[in-house]
Every structure is written in C-alpha cells, then in structure tokens.
Amino acid sequence: MADLKLTQLHKHYGAVHAVRGVDLEIPAGEFTVLVGSSGCGKSTLLRTIAGLEQADQGSIEIAGQVVNDMPPRDRDIAMVFQNYALYPYMKVYDNIAFGLRVRKMPEADIAQKVKSAADMLAIGHLLDRYPRQMSGGQLQRVAIGRAIVRNARLYLFDEPLSNLDAQLRDEMRSEIKRLHQELGKTFIYVTHDQIEAMTLADRIVLLREGQIEQAGAPLDMFERPATQYVAGFLGSPPMNFVPARLVAQGGGYAVRLEDGAELALPPARVAKLAARADQPVTLGLRPEHMSRAEAALRPGLARYSSRVDLVQPTGSRTYATFKLGGVEAIAELDAHDVQRANERIELALDMNRAVLIEPSTHRVL
Amino acid sequence: MSKGTLFWRYVAAIAITVFFLFPIYWLFIISFKTPDEIFSFPPKWYPGQIHFGNYAVLFKDGDAVTVWNSLVVAGVSTVLAMILGTLCAYSIARFRTGGENLANWIISQRMVPPIAIVFPVFLMYVKLGLVDTYIGIILLYTAFNLPYVIWMMRGYIQDVPKALEESALVDGCTRWQVIWKVVFPMCRAGLLATAIFTFIFAWNEFLFALVLTRTEVTTYTVQVTHYFGGQSNFWAKISAMSVLGTLPVFIAVAFMQKYLVRGISLGAVKG
C-alpha cells in the first residue's frame, strides 16, 4: 500500500493557485524529492501533506486513510524545518524529547530513544546545551534528531539544508541519505537545488506552477526529460537549447542550425522523426556531451567549429562559452582542452545524447 | 576612560539619583515623623527617632484595608486582562482575526479619555447594581486594560517564529498546548512586562475608583484624598498611606526588573 496518495489536490492562497491538481503516490520506504524553482508550490504541497495548510480540493491519504480534516498531530508524520524550529528555551535533550513527552511516553523510554537518535547523528555530547550555543550544522542535526525519535510513518523535510554553507550542506546531504538507508522510512524532501534532488532521491517529482511537470528516477529524468523545462532544470550548467530545423540528409536526417551547419542524427533516432522532416525543432545538448573533436569521430558524434568567447576553468573541468548556431552555449571540456578566449576549437557534439524538442509545445520528441 | 572622567561621571550620576530620589525619601521620612517634626522649621532632614504611630492609626481605623482592596482589584483585573488579552492577541496575530483593522480599532479604545465615559459608566453601574462592588471595579479595569494587553502581546506573539508552533503541532500538540508550551515560554519576558504595567495602571487608577466606589471597595488612591481637608491636611496619614500604597509596586518591580527591561527592549532589537 502506498504510504501517501494525493488525488487531484488543489490549494489556493487568495488569488494565487499554488497547487493545481496534483496526483501522486509514494510507496512505503521511498525517498521522494519535490523539486522546482521558487514559487512552484513544492513547499505548499509539503505543508498541505503535513496538515499545516488546508487542501481546498482533492484528497490526501496516508496509509490508506484520508487525512484532509485531521490535525497534523494525528497524521503520523515528523517534519524538519528550514530554520530548524528548535525551542530556544529548551536544552537539546528536551528539544528532541518534546514530541515524545507530548505523547506521554514514559521517561525511561524517552531517554533511551533520545540517546540512540543522538548517537546516530553524532550529537550525544551536545544534549546538555541550548540551541543558541550551537552552530547551524549542529542545529540541523538536532532538528533531524527530533524528527527521527518520533518513529513516524512519513518524514517531511522542508529545505533543511538551505541555511547551511556549501561544505556543510554536502556533508549533511550524505548524512540524510545514509539515515534514510538505515531507517528505511518514507522521506519526502523539498528543495530548489537540483543537485540535492539528483543525489538524494529515489524518485524526483519536478513541480512547475503548481503542477507535476515530470516524476521519475533521477537518472531517467536526467537522460529522458519529458519537456524542455525538465531538461533545462536538471543538470549544471544547464542544457543548451538551440533553434534548428530537421532536414533530410543522405539516407537519414540531420538538424540544421541557423548558421547553416548540419549535425547528422544517428540512424537509431530517425524512425520517430520521419514525419517531422523540414519542420523547426529545438536542439538540446548538455555541456558535458560536447568534447574537443579528434581527427576521426565515433559514429553519432557531429563536428562543429566555433570561436570560444569565454573560458571558465573549475580545476577538474573547463567551461567554454561559444556560439552554437547563433545562440550562446556552454561546453564542459577537459581542463586543458581550451586555453584562452578567442581560440578556435573543433567540438564533437554527441548527437546520441541530444534531445529534440517540439518548439511550440516544448515537449521532447 | 581616565580616572578623572570616571570620578566626575560618578558625581553626576549620584547627583541625578539624589535629585530624583529625594521626593520619595521625603515621603518615607514624613511617614515616620511626629506631627511636630513634620511642621518644624527649618525642616528636619531626618527624624530624631523612627515613629510608627502614623501607621498604627491607619491600621486601627481600618484605613489600611484600602491597600488590600487595591491589591485585589488590581491583581484580579490584571490576571483577567492578561488571560483574555493574550488569547485575543494570539487569535489576531496568528489567524488574522478581524483583518487588518481590528487591532488598530482595539488600541484606539485605549485613547478614549476616561473622564468622557466615567459618568455614563456610573449610570449604567447604578442600574446594574455594580457601584461599590469588587466585581464592578474589576470588570472596568479589565476592560480598560484589555486594549493595552492585546496590543503588546500581539507584538510579542508575532515575534515568535511560526515554524516553532508548526513544529509543535506536527510533534503532537493541540493548539492550546502550542500556546502553553511554545508561545508562553517564548513570550515570558513580554508577558511579565505587560502584566506589571497592567497591574501598575490598575494600581494607580484614581478617577473610576473615585466615582464608582463609596465605602466597600475604596482603593488606596481614593483613600489618600480623604485626608485632604477643607481646614487642614493630614500630612502624617497622607504620607503613611502613600508609603503603604507604593511598597507593593516597589517590591514587584524590584523582583521583576530583569524581565521588565527585557520586555520593554524586546521590540527594540527587532531585525
């Protein structure tokens, strides 16, 4: 049975239609990440699941029971907030024990649960401190500790890492993933950060303007995006989009860019495209699917020559900005592939991995 | 800071303190003087011996009971105003009860000059049989203090991060438990500061007490005026009664100074 089932869920804030008919099923034990840019409704959706907001329409089922009218405390959920939401007048121990005390668990059991949670999160030595005496990373550990002692059915995380600095964020990210593996519980995690979504999720649910744009396993979504929005959202630097036209070339097809360059498509992709010959398409190419061209190209690669406008070395890789069919594009190359701006380079574009998008509907073909 | 500057600062601080404390010192000292000493010229800056006669008279004649009346009236009305006002403030702060304007309308009630309503209230109280009763004066003080409590507590409650309450709701609290376990502890300094000010307003109130009480629940502020006569003023009684009336507030503020200062300055450091 699904741990959570949303059916045609709607939520309005005054004139704003924040959640527009979301259908979603989350099986027990899955780590689901709700991701999207700010204002896409992901936090609203999470808060509605938690019962902190009332759904205007549709149903929320937790473990088969409709909980629309149930207060948050009866929904068998635990939640971690962005700003930690620790009680400043309580020590760490009491913060973690709070939910158990409210539920009248015997003190001996509480002590044992708090201890095991604290050990799991390596905060055992902090139990006697007040929140104001701790760093951001420690505070978030305590907040997570307070959630996991509860032994709830659903664990909700509302952008828990966005207040932490980059290094700490990476560290906590792996810890949350490890925690999920150890607990085997259902996690629903909200973030605007696509890296967090990719690294943590069993399944990503990408929201846009209150609706699910696409849901699926991270690599599936990365490699087979359903729409231009998904293709552009996942991946950093983002996918390059170039206006082009589909043309017949030899026995197969190619995309012709606005500068006249023709990039041959691999035969495997041709069958689906026959009907669209001579129609406009948007070519989507990820920066990492371009490389410096060798003398002889493997099948499926297309050669493209351009002048580099900007070079950004990151150490392991170098980002080169150049014009691809008249549009600015970024290629992710080996560190020493390009030295300085204004250099002319020959690129090999991996057309096996390229996506073709219908320009009017923005759907991937 | 050099030692010289520090010295002059102390001198200035002591001079200012003496200047402001002198009237209070004088009030206390008169209450321990005999009538002769009170009127002696040049004035006696300190009594030859401490003389408790003025107080004894107040207790013997039963006048001191007015301090008790004040305590009951101010205490009960403060408790009532704090409970009702805080709940009302919570509702306004969290559920936007009454929209944008209710809070402003409520505080505007505080601006009504008491003298404008004291006689209508008196006539109403005559009809209701509430004149010169504890209930009557307590209800009035409660009503009069409510806007202040609501206004102050609304500010303190708005400063409590919403996520703290939401976290408690998810963790198993009812809304009442959230108020008790999260909002009250978070607003402790504000609650105490507001309660002290509310108490002091009620304690010092004179006009309503003068009009609405006769003999049964005379408060000490009204009692003091009984010692101002057409022919002469009973300075000994006035001072002794005033000391009795000042002490409870002195004690309350002394014990709660920490919260008072924090409560007042809480709003000042908002980001």
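Since we're looking at a predicted model, the values are computed, not measured.

### Overview of the overall build of chain A
Thinking step 1. Regarding its fold elements, chain A presents eight helices and 20 strands.
Thinking step 2. Taking the principal axes of the C-alpha coordinates as reference, chain A spans close to 80 × 45 × 35 Å.
Thinking step 3. Scored against the burial criterion, the 365 residues of chain A give a buried share of 41%.
Thinking step 4. For chain A, restricting intrachain contacts to residue pairs at least 6 apart in sequence, the fraction spanning at least 24 positions comes to 66%.

### Digging into the interface of chain A and chain B
Thinking step 1. Contact with chain A, which involves 16 residues of that partner, is made by 13 residues of chain B.
Thinking step 2. Those elements giving two or more residues to the side of chain A that touches chain B turn out to be β6 (77-80) and α2 (92-102) of chain A.
Thinking step 3. Considering only residue class, the side of chain A that touches chain B consists of twelve nonpolar, two polar and two charged.

### A word on the domain arrangement of chain B
All names here are of chain B.
Thinking step 1. Per the domain assignment, the segments making up chain B are domain 1 (1-51) and domain 2 (61-269).
Thinking step 2. Listed per partner, the contact involves six residues of domain 1 and six residues of domain 2.
Thinking step 3. When contributions to the side of domain 1 that touches domain 2 are tallied by element, the ones reaching two or more residues are α1 (3-31) and α2 (35-39).
Thinking step 4. With four residues, the top contributor of residues to the side of domain 1 that touches domain 2 is α1.
Thinking step 5. Grouping the constituent residues of the side of domain 1 that touches domain 2 by class yields five nonpolar, one polar and no charged.

### Examining the nonpolar core
Thinking step 1. Among the nonpolar cores identified, the biggest contains 156 residues, and A:Ala143 and A:Leu156 are the most heavily contacted of them.
Thinking step 2. What A:Leu156 contacts, discounting residues up to four positions off in sequence, is A:Leu46, A:Ile49, A:Ala50, A:Ile77, A:Met79 and A:Ile188.
Thinking step 3. Residues B:Ala236, B:Ile238, B:Met241 and B:Val243 belong to the second largest nonpolar core, which totals nine residues.

### Points about the sheet that holds strand β5 (residues 65-66) of chain A
All names here are of chain A.
Thinking step 1. One open sheet accounts for four strands, arranged β2-β1-β4-β5; its pairing is antiparallel. Pairing within the sheet leaves two strands with one partner each, and these edge strands are β2 (16-27) and β5.
Thinking step 2. Strand direction decides the pairing type here: strand β1 (residues 2-13) and β2, joined by nine bridges, are antiparallel. Residue pairing for β2: Leu9 is matched across the bridge by Val22.
Thinking step 3. Against the sheet, helix α1 (residues 42-50) contacts β1, β2 and β4 (57-62), and its axis sits at roughly 65° relative to β2.

### What to know about the sheet that holds strand β10 (residues 211-216) of chain A
Residue and element names in this part refer to chain A.
Thinking step 1. The strand order across the open sheet built from six strands is β6-β7-β8-β3-β9-β10, with neighbouring strands paired in mixed fashion. Looking at the sheet topology across the chains shown, the edges are occupied by β6 and β10. Between one strand and the next, the sheet's axes are offset by a mean angle of 20°, whatever the strand orientation.
Thinking step 2. Bridge count for β6 against strand β7 (residues 154-158) is four bridges, and the pairing is parallel. Following the sheet pairing, Val80 is matched in β7 by Phe157.
Thinking step 3. With respect to the sheet, helix α4 (residues 136-148) is in contact with β6 and β7, its orientation differing from that of β6 by roughly 180°.

### Quick word on helix α10 (residues 188-204) of chain B
Thinking step 1. An ideal rise of 1.5 Å per residue puts 24 Å on 17 residues; α10(B) measures up with 24 Å between its terminal C-alpha atoms.
Thinking step 2. Turning to α10(B), its buried residues are B:Gly190, B:Leu191, B:Ala193, B:Thr194, B:Ala195, B:Ile196, B:Thr198, B:Phe199, B:Ala202 and B:Trp203.

### Points about the pairing of strand β16 (residues 301-313) of chain A
Residue and element names in this part refer to chain A.
Thinking step 1. As judged from the seven bridges shared by β16 and strand β19 (residues 344-350), these two strands associate in the antiparallel manner. Bridging from a neighbouring strand, Tyr304 pairs with Leu347 of β19.
Thinking step 2. What sits between the antiparallel neighbours β16 and strand β17 (residues 317-324) is a turn of three residues, in which Gly315 has the positive phi angle 110°.

What counts, and where the lines are drawn
Sequence positions are assigned chain by chain, starting from 1 and proceeding in written order. Chain letters and ligand numbers both follow the written order, the letters beginning at A and the numbers at 1. Side-chain atom pairs in this predicted model are given and counted only at pLDDT of 80 or more, local residue features only at pLDDT of at least 70, and totals for whole chains, interfaces and linings cover all residues. Each helix is a run of DSSP H or I of at least 4 residues and each strand a run of E of at least 2, with the numbering of both proceeding from the N terminus. Residue burial is a threshold on neighbouring C-beta atoms within 10 Å of the residue's own C-beta, all placed from the backbone, with 20 or more meaning buried, 12 or fewer meaning exposed, and counts in between meaning partly exposed. We call two residues in contact when the distance between their C-beta atoms, placed using the backbone, is within 7 Å. Each residue gets one of three labels, nonpolar for Ala, Val, Leu, Ile, Met, Phe, Trp, Tyr, Cys and Pro, charged for Asp, Glu, Lys and Arg, and polar for the others, Gly among them. Each domain span listed reflects an automatic or database assignment of domains. Here a nonpolar core is just a set of buried residues of the types Ala, Val, Leu, Ile, Met, Phe, Trp, Tyr and Cys, joined wherever their C-beta atoms sit within 7 Å. Strand pairing follows a simple DSSP-based rule, namely that at least 2 bridges must link the two strands. Only the contacting stretch of a helix is used when fitting its axis, a line to C-alpha atoms as for every element, and angles between N-to-C directions run 0 to 180 degrees. Given a helix with a known number of residues, its expected span is that number minus one, times 1.5 Å.

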